[in-house]
Every structure is written in C-alpha cells, then in structure tokens.
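# Results of the structural survey
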Amino acid sequence: QVQLVESGGGLVPAGGSLRLSCAASGRTFSSYTMGWFRQAPGKEREFVAAISWGGGTTGYADSVKGRFTISRDNAKNQVYLQMNRLKPEDTAIYSCARHQRDFSYSRNRSDFGSWGQGTQVTVSS
C-alpha cells in the first residue's frame with residue numbers, strides 16, 4: 001500500500017502563491033497517474049489537477065486552469081502543485097492521490113485509490 005504525505009499548505013493573502021508537495025513511498029511511483037483534489041468546508045471533494053505517469057499528460061479543473069501547475073519528479077517520488085494568483089475560493093484541504101491502475105490516465109475521483117491526509121490551504125481576502 002502506497003503512503004502519500006502532503007506538505008506546503010498555509011495561509012496566504014489573495015493573489016499570493018503556494019507550492020504543495022506530495023511524497024510517495026514505494027518503487028512503482030513512476031507507473032501511476034497522480035492527482036490533486038481539494039475539499040472545502042461543506043462541499044464535496046473535487047478534482048484539481050492530474051498528471052500521467054511519465055508527466056506527458058496533464059489536466060486541470062476549469063477553476064484553476066492558467067493559475068495552477070502540476071508537475072512530478074519520478075526520481076524523487078514527488079508530485080507538486082504550484083498555485084499562483086490564489087483566490088479566497090481556493091481555500092480547502094488539498095490532498096494528493098494515486099490512480100488505482102498503472103499506466104492509466106483519468107481525472108475521475110473514483111479512479112484514485114490511495115490518498116494522503118491532506119494539507120490546509122487558506123487564502124485570505
């Protein structure tokens with residue numbers, strides 16, 4: 001079972017930036033699509049961004065497109081989320097997740113089977 005640990009969350013003013021990191025255990029990291037999801041208070045968890053196993057394919061929610069960038073370093077077993085021009089509505093707990101099937105890409109929350117504990121991002125207005 002893979003373990004995922006997020007870091008990098010915090011409190012920032014609107015317009016600021018944060019970079020989230022997710023460290024994964026295991027030797028098969030480079031075989032799986034990774035994703036970032038977020039959950040705001042009182043709302044369902046929603047897709048933010050995903051990156052395929054080799055990094056060649058990325059996808060973003062419309063709400064973050066052009067502001068957020070997902071990347072990965074397979075040599076370090078890490079996936080990142082660079083968040084720029086943050087808005088108060090970006091406030092949420094951000095979690096990274098690993099796709100359930102190797103060498104498969106999708107953005108559906110139900111296709112991701114391993115989750116980190118999450119890191120809080122708070123954007124003040």
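A brief structural summary. Throughout this description, residue numbers start from 1 for each chain and increase along the sequence as written. The model is predicted, so local features are restricted to residues of pLDDT at least 70 and side-chain atom pairs to those at 80 or more, both for listing and for counting; the totals for chains, interfaces and linings are taken over all residues. By convention in this description, side-chain values take in all heavy atoms of the structure and omit both hydrogens and water.

Turning our eyes to something else, we now look at the sheet that holds strand E3 (residues 18–24). Note: two strands are recorded as paired if DSSP finds a minimum of 2 bridges between them. A run of DSSP states H or I qualifies as a helix once it reaches four residues; a run of E qualifies as a strand once it reaches two. Both are numbered from the N-terminal end. Across the sheet, four strands lie side by side as E1-E3-E8-E7; this open sheet has antiparallel pairing. Whereas interior strands pair on both sides, the edge strands pair on one side only; in this sheet they are strand E1 (4–7) and strand E7 (68–73). Going from strand to strand, the sheet's axes swing by 15° on average, the running direction of each strand aside. Examined bridge by bridge, E3 and strand E8 (residues 78–83) share six bridges and lie antiparallel to one another. Along E8, the bridge assignment pairs Leu18 with Met83. Angular values range over 0 to 180 degrees, each being the angle between N-to-C directions of two axes fitted as lines to C-alpha atoms, with helices fitted over their stretch in contact.

As a further point, take the packing of aromatic side chains. Put simply, two rings from Phe, Tyr or Trp (the six-membered ring, in Trp's case) pair if the centres are within 6.5 Å, and we call them stacked under 30 degrees between planes, edge-to-face over 60, tilted for the rest. Tallied over the entire structure, the rule returns four aromatic pairs. An angle of 75° between the planes, with centres 5.8 Å apart, marks the rings of Phe37 and Phe47 as edge-to-face. In this pair, Phe37 sits in strand E4 (residues 34–39) while Phe47 sits in strand E5 (residues 46–51), placing the two residues ten residues apart along the sequence. Relative accessible area serves as the criterion here: at 0%, Phe37 is assigned to the buried category. Each residue is assigned to one of three classes by its accessible area relative to the maximum for its type, calculated with a 1.4 Å probe on protein chains only: buried under 20%, partly exposed between the two thresholds, exposed over 50%.

Bringing the environment of Asn108 into the picture now. In this structure, Asn108 sits in the loop between strand E9 (92–99) and strand E10 (112–115). A relative accessible area of 44% means that Asn108 is categorised as partly exposed.

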